Amino acid sequence: MQRRIARRLLATGVTAALVAGTTLVVAGPALAAPGDASAYGAQAELTVDIAGIQIVLDETTVGQTAVTAPGTQTSPTDDYTLIDALLAGIDVNGVTSTSTTGPAGSSSSAAIATADVDLLGLDLLTLSGVTADTTCVVGQDATAVAQIANLNVLDQVGVDVSSGDIVSAETTLEGDAVGALAGVTLRVEVQEIEDATATAATASALVARVFLTGTVGEIELVNQIAATITLANAECETPAIVPVTLSSITPPSGPTFGGQTVTISGTGFNASTTVTFDGIAATDIVPNEAGTSLTAVTPANAAGDAVVSVANPGSAATLPYLYVEPSISGITPNEGPDAGGTEVTISGAGLGEATGVTVGGDDADIVSISDDGTSIVIETPPGTGLADVVVNFGGDNDVTSPEQFLYVSADSPQVTGITPSSGPTAGGTTVTITGTDLADVTQVFFGDAEAAIVGEPTDTRIVVVTPANPAGFTDVVLITSGDDAERIDDAFLYVAPPTSTTITPGSGPTTGGTTVTIGGSGFVPGATTVTICGATIAAENVSVNADGTVLTFRTPPCAAGNAVVTVTTAGGATSTTTFRYVSTAAAGAGGSGTLASTGAAPAPIIWTAGILLLLGAALAAAAVWRRQRRAE
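In this text, all values refer to a predicted model and were calculated from it rather than measured experimentally.

**Student:** Please clarify how the state of the cysteines should be interpreted in this entry.
**Tutor:** Note on terminology: a disulfide is the covalent bond linking the sulfur atoms of two cysteines. In total, this model carries two disulfides according to the counting rule given. Here Cys136 engages in a disulfide with Cys236; their sulfurs sit 2.1 Å apart. Here the S-S torsion is close to 75 degrees, and the disulfide linking Cys136 with Cys236 is therefore right-handed. Here Cys136 is found in strand S10 (residues 122-137), whereas its partner Cys236 is found in strand S15 (residues 219-237), with 100 residues between them in sequence. We classify Cys136 as buried; its relative accessible area is 0%. Between the sulfur atoms of Cys533 and its disulfide partner Cys558 the distance amounts to 1.7 Å. The sign of the 65 degrees torsion about the S-S bond sets the Cys533-Cys558 disulfide as right-handed. One end of the pair, Cys533, is in the loop between strand S48 (529-532) and strand S49 (535-537); the other, Cys558, is in the loop between strand S51 (550-554) and strand S52 (561-569), with 25 residues separating them in the sequence. If one numbers only the bonded cysteines of the chain, in the order they occur, the disulfide pattern is 1-2, 3-4.

**Student:** What exactly am I supposed to notice about the packing of aromatic side chains here?
**Tutor:** Given two aromatic rings, one states the distance between the centres and the angle between the planes to describe the pair. In total, this model carries eight aromatic pairs according to the counting rule given. Judged by centre distance (5.2 Å) and plane angle (85 degrees), the rings of Phe277 and Tyr321 are edge-to-face. One end of the pair, Phe277, is in strand S19 (residues 274-277); the other, Tyr321, is in strand S24 (residues 315-324), and 44 residues separate them in sequence. The exposure class of Phe277 is buried, given its relative accessible area of 0%. Centre to centre, the rings of Phe446 and Phe492 are 5.3 Å apart; their planes meet at 85 degrees, and the pair counts as edge-to-face. On the criterion of sequence distance, the pair formed by Phe446 in strand S39 (residues 441-446) and Phe492 in strand S44 (residues 485-495) is long-range, its members being 46 residues apart. Judged on exposure class, the residue Phe446 and its partner Phe492 are both buried. An aromatic cluster is present here, built from Phe277, Tyr321 and Tyr323 joined pairwise through their rings.

**Student:** Quick question: what am I supposed to make of the pairing of strand S22 (residues 293-297) here?
**Tutor:** Successive side chains on a regular strand alternate, one facing one side of the sheet and the next facing the other. A large share of S22 lies buried, amounting to four of its five residues. Pairing of strand S18 (residues 261-267) with S22, which is carried by five bridges, proceeds in the antiparallel orientation. Looking across to S22, one finds that Thr263 is bridged to Thr295. In this sheet, S22 lies alongside strand S21 (residues 283-287) in antiparallel orientation, the contact comprising three bridges. Following the sheet pairing, Pro287 is matched in S22 by Leu294. The loop that links S21 with its antiparallel partner S22 comprises five residues; one of these, Gly291, has a positive phi angle of about 70 degrees.

**Student:** Please explain the nonpolar core as it appears in this structure.
**Tutor:** Note on soluble globular proteins: their nonpolar side chains tend to be buried together. One finds Ile55, Val92, Leu120, Leu181 and Leu231 to be the most contacted residues of the largest nonpolar core, which totals 67 residues. Leu181 has contacts with Val48, Ile50, Ile53, Leu120, Leu173 and Val216, leaving out every residue within four places of it along the chain.

**Student:** Would you mind showing me how to read unusual backbone geometry here?
**Tutor:** Excluding glycine, most residues fall at negative phi; most peptide bonds, likewise, are trans. Here Thr332 and Pro333 are connected by a cis peptide whose omega angle stands at -10 degrees. If you trace the backbone, Pro333 turns up in the loop between strand S25 (327-332) and strand S26 (335-337). Look at the link from Thr419 to Pro420: it is a cis peptide, with omega at -10 degrees. Structurally, Pro420 can be placed in the loop between strand S36 (414-419) and strand S37 (422-424).

About the thresholds
- Residues numbered from 1 in each chain as written.
- Predicted model: local features only at pLDDT ≥ 70, side-chain atom pairs only at ≥ 80, totals over all residues.
- Heavy atoms only, no water.
- Disulfide = S-S within 2.5 Å.
- Helix = DSSP H or I, 4+ residues; strand = E, 2+ residues; numbered from the N terminus.
- Buried < 20%, exposed > 50% of the residue type's maximum accessible area, 1.4 Å probe, protein only.
- Phe/Tyr/Trp six-rings, centres within 6.5 Å; stacked < 30°, edge-to-face > 60°.
- Pairing = 2+ DSSP bridges.
- Core = buried A, V, L, I, M, F, W, Y, C linked by side-chain atoms within 4.5 Å.
- Contact = heavy atoms within 4.5 Å.

What follows is the structure, encoded as C-alpha cells:
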C-alpha cells in the first residue's frame, strides 16, 4: 500500500490528495549524547515559490527510527509518496530502518528498494538498491558505509557517486507547465556521504540538491535552492565507557566441574557485562538494576587459583577465585543404628555445590552445607551393614567418601581382641579375632582387602590370614550372612619391611660392647630387634628414632670375623649389613700397617727410635773426630 505523506503543499493548478502515513517524524533528532543512533529512509523539502508557481513541502521524513537508551527500534518495510502533484512527485518504495544502542556500541541502518523523483516536469532522478549503515563500537573507530545502484540523474544514466564527490547535471526548463520558469536553468547536484570519526559516523546514500538560475520577469535567480532530498540516512555515536569496579565474589571457591552460582559485587554492571574464569566464559550472567552486583554460573576449570575477569567494553577488573577438586576426607561419626536418624558430618573440600547425598544408595536428608564448602551435615536413612557415603553434584559428578558408614544392629558381632595386632605389608600374618556372636561371620576385611578365613568361625573365635595392604593402621571389618557388620577402627598395623643401608662403625673388638648405629628405614620404636653372631638383642635394648630411620645397639661378644647384622620388625627382616669382629691384638696393629704391635701406643716408640738414631749419629761423629786427631 502506498503511503501519502503531507506537511504543507501548494501546487499550481493542482489540488493534491494527501493521506497521513506511518512513522512520520519531521526532521531527525540531533545526536547529542554518546550511544545515540538514528536512521531514516527518505527526507525531502521543496521550496519553489516564484512567479505564481508554488511547490512547497516542509521537511518531511519517512521510515525513521531513533534510540537514546539501550534497545533496538525498527521501522517496518513500507512504501511512501511524499508528494504527488502536477509539477512534483516523490515515491520511495521498500523503505526500512533500524537503530540499536547498548553499552558495547550503537549502530543504525536504512534502506530503500526504489525511488523516483519528478520536479517541474522533469524526471529528476531514479535509483534502486540504496543502503546506509553506521557502527560505533566502544574501543573501535566508527564506520560509515553507503551504497547506491542504478542511479539516473536527468538524462545521465548509471551515475557513480561512490567517490563522495559532488556530481551535477543541468537542463533548461521549458513548456507551458512551467509557465514563467521557462528558460530557467535547473541544476541537480548529487553526492554520497560516508563520514566517520573515532566516535561518530554518518552515512547518506544520496543527497540531492536542486538549484534554479535565470531571470523570471524582474526576478533574478542565482542558484536559488528549489529542493533538498536525502535517501537512506544513518547516524550513530559511540557510547561512553562504563568503568567496572569489583569488591567481592561469593563464594570465593567452588568445584572444578563448575556449575556454581556466584555473586560478584562492584559497580558498572549491565547487560553487556561479561564474566570469565581464566578466560573461560561464565554463563547465566544476570546484573541487578543498580549495576552493583551480578550472578553468574562458573565454568569447569582445573583445580587451583583462577582469575575472574568482569568486563564492559573498554573496561575490566579482576578478582581471585579458587577451583577446588571436590573431596571427602572423612565422616563423623562413622557408625550409627540401623534405624537411621544419625547426624553425620561429611568433611572435605569443594562440597558447597552438592545437590544430594546418598548412604548405601538411599537418599539422606541434608541438614546444612557450610558456606566455605568444607562440610555437609546429613541425617542417615535406615540401612544395614557397611554403606558407601556418596555426595552428588549433578550429572555424573559424584564423590565417594573413603570411609564407609556402619549400620549397627542388635545382631552385629562384637570383637574383644585381635592378636597379633601388626604384620607385614605383604600380608600372610595369621590373626586370631576373639569376641561374641562371631559364628555367622562370612567375610573379614582389613581395610578394603578381604582376609582369608581359616576353618570355621565359632561364636567366640575367628582365625584369618591377613591380605596385603599399604603400611599404616587399617580398620578390621566383620560382616555376617545377614549383612550385619562390626568395624574396629585402626585395629591392625601394617608394617613395611625394614631396610638397612649404613653401619657405623663397621668393626669392633671380639669382646663386644661397641655402640653401633644403623641407618635405613622401616624401624619401629619399641618393636625392632637386632640379631648378630647368633645373639638377638631384644627390642627394649634397641633404640630407634621417631621416624624409624636410625637405630643403635651394643654388640655382644663374638669370635673374630665378619658377622651379618639382621634387623627384624613386624614388617619383616633385612640382612644387608655386616660387622667385623677384630681380636684385641689385631685391633692394636691398625687397619693398614704390616708390622705387629706390642700393644703400646705408637707415638712413644717413634720418639724413642728417633732419639736412638740421633745418639748413634753423634757417637759416630765423635769417633771420626778422634781418628782425625790421632792422624794429626
